[in-house]
Each structure stands twice: as structure tokens, then as C-alpha cells.
Amino acid sequence: MLTSEISIQKNITVRGFGPSCPTVIRQKGPRERVFRIGQFSCVIFHSLAISGGCATPTGTNPGGGGILNYGDVLLFSCTISKNNSSNYGGGIDNYGKATLRDTLVEYNTASHGGGIYTRDGGSCELHASTVINNKRDQLLGPYSADSDSMIGNAPNRSATALSGYEGETEPEPRSIVGDDDVERVKNALSDAGS
């Protein structure tokens, strides 16, 4: 258990016991995140369970309860859960490049991007990974996901992050038969010269 954040300013691999028995890295310090990854650092996390981090939006502590990433981070067979940020990225606040492979991001909270918040200029790739049960949003900012990834309750829901729906109920589906715009598109698609 930690009482302050771990700041990584170099290239390193942190390997746990294995996917079936990940090493738990839990933050117990009040208002302390788990990891801060510095610019120009390439970090690989393998078989870790990262939890308990908390970030507040003051000074040099902008977000990322679990991970604040300014570098290049690869999470392989990891779980990022039960972290929070009062502002951005409950699980991960990403300014750099984040690649998730066979990784679960769940039960994190933030006012923006409960699971992952990727800043403009950053990138996030999901490969066979799941981002689910995060509040307020699963993902915000640019990302890409393969067909084996799950975002929210649907496989690869979108390649563009959307804010969460905040209404009381979702709109009911309706028939599109007879809609003028749908008929125009159908006609254009059936025209060989289109």
C-alpha cells in the first residue's frame, strides 16, 4: 500500500505476478494518485491492479486518480479500478500515448472522463480491453478501439468518445420507413451513376 504517488521519469517495465494473480498497487494516502508518468518516459505495466488513487485539480495535480500520463504507457493485463478525480480522468488522465491491451477500466469516477480522459494531442488505443461502469463518462477525448474491446455496454460502441446521456430515459426507437431523407438516400444508392 502506498501513502504518496509514484513518479516515474524513465523507461521501465513494472511486472506483476501474472494475469491470473495481478499484483495490487493500492493508494492509501489521502488525495494522492497512484502513478505519475513523466514526459519522454516509456512505461509498461503488466499484470497490475491499480486502485484507490485520488486527484484534485490544484497546481501540478490536474487529474488522473490512477495514472497521470505525460509519456507513453502500455497497460497489459491490468485492472484500473476505484480511483477518482474531482476533475479529469478518474482512472487515467492522458496527455501522451496510452495503449491498453487486455485491460479492464471500471468503477472510476471524475467530473470528466470517469474511466479515461485523453487530452487534445494525446492518443488512446484499446485492444481487447473493457471500459465499463465508470462515472461520469466511460471515455472522453480521442481514442480508437478494436472489435474485441467493450466500451460501456456495447462492443466497440464508437471510435469517437461521447459524453454520457443525462436524461431520465433514452428515446424510444421509431420506424424510418417513409422518411423523405431516408428515401432520397435509398434512391441515390440504387443509382448506378451515384
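A. Region of the structure containing the overall build of the protein chain. Of the regular secondary structure elements, the protein chain holds one helix and 22 strands. Counting across all 194 residues of the protein chain, residues that qualify as buried make up 44%. Here the protein chain displays about 10500 Å² of accessible surface, and carbon together with sulfur accounts for 52% of that area.

B. Quick look at the sheet that holds strand β4 (residues 35–37). If you walk across this open sheet you meet the six strands as β1-β4-β8-β12-β16-β19, and the pairing is parallel. Two strands close off the open sheet at either side, each with one partner strand: β1 (6–8) and β19 (139–140). Pairing analysis gives three bridges linking β1 to β4, with the strands arranged parallel. Following the sheet pairing, I6 is matched in β4 by F35.

C. Seen up close, unusual backbone geometry. The step from K135 to R136 runs through a cis peptide bond, and the omega angle for that step is 20°. Here R136 lies in the loop between β18 (130–132) and β19. In this model, F40 sits at a positive phi of 70°, which is unusual for a non-glycine residue. For F40, the location among the structural elements is in the loop between β4 and β5 (42–46).

D. Molecular detail of the side chain of N69. Locating N69 in the fold gives a position in strand β8 (residues 67–69). Exposure remark for N69: the relative accessible area of 0% places this residue in the buried category. For N69, the side chain forms a polar contact with the side chain of N94, separated by 2.8 Å. Excluding anything up to four places from it in sequence, N69 contacts I37, D93, N94, Y95, G96, K97 and A98.

E. Spatial organisation of the pairing of β5. Sheet analysis places strand β2 (residues 12–15) next to β5, joined by four bridges and oriented parallel. Counted as the bridge partner of I12 is V43 from β5. With five bridges joining them, β5 and strand β9 (residues 72–76) adopt parallel strand pairing. From the neighbouring strand, V43 faces β9, where its bridge partner is V73.

F. Region of the structure containing the environment of Y88. Position of Y88 among the secondary structure elements: in strand β11 (residues 84–88). Given the relative accessible area of 21%, Y88 is considered partly exposed. For the pair Y88 and T56, spaced 32 residues apart in the sequence, the C-alpha separation amounts to 8.9 Å. Leaving out residues up to four positions away in the same chain, Y88 has contacts with P62, G63, G64, D93, A110, H112, Y117 and R119.

G. Focus on the packing of aromatic side chains. Summed over all chains, the structure comprises three aromatic pairs. Centroid distance Y88 to Y117: 4.7 Å. Interplanar angle 50°. Geometry classified as tilted. Here Y117 lies in strand β16 (residues 116–118) and Y88 lies in strand β11, a separation of 29 residues in the sequence. Judged by relative accessible area, Y117 falls into the buried class, the value being 18%.

H. Structural context of the environment of A55. Summarising the element assignment, A55 is placed in strand β7 (residues 54–55). Among the residues examined, A55 registers a relative accessible area of 0% and is labelled buried. Distance from A55 to Y88, taken between C-alpha atoms, is 8.5 Å for residues 33 residues apart in sequence.

Calculation notes
- Residues numbered from 1 in each chain as written.
- Predicted model: local features only at pLDDT ≥ 70, side-chain atom pairs only at ≥ 80, totals over all residues.
- Heavy atoms only, no water.
- Helix = DSSP H or I, 4+ residues; strand = E, 2+ residues; numbered from the N terminus.
- Buried < 20%, exposed > 50% of the residue type's maximum accessible area, 1.4 Å probe, protein only.
- Areas by Shrake-Rupley, 256 points an atom, 1.4 Å probe, with all protein chains shown as cover.
- Pairing = 2+ DSSP bridges.
- Polar contact = N/O pair within 3.5 Å; in protein donor to acceptor, adjacent residues only side chain to side chain.
- Contact = heavy atoms within 4.5 Å.
- Phe/Tyr/Trp six-rings, centres within 6.5 Å; stacked < 30°, edge-to-face > 60°.

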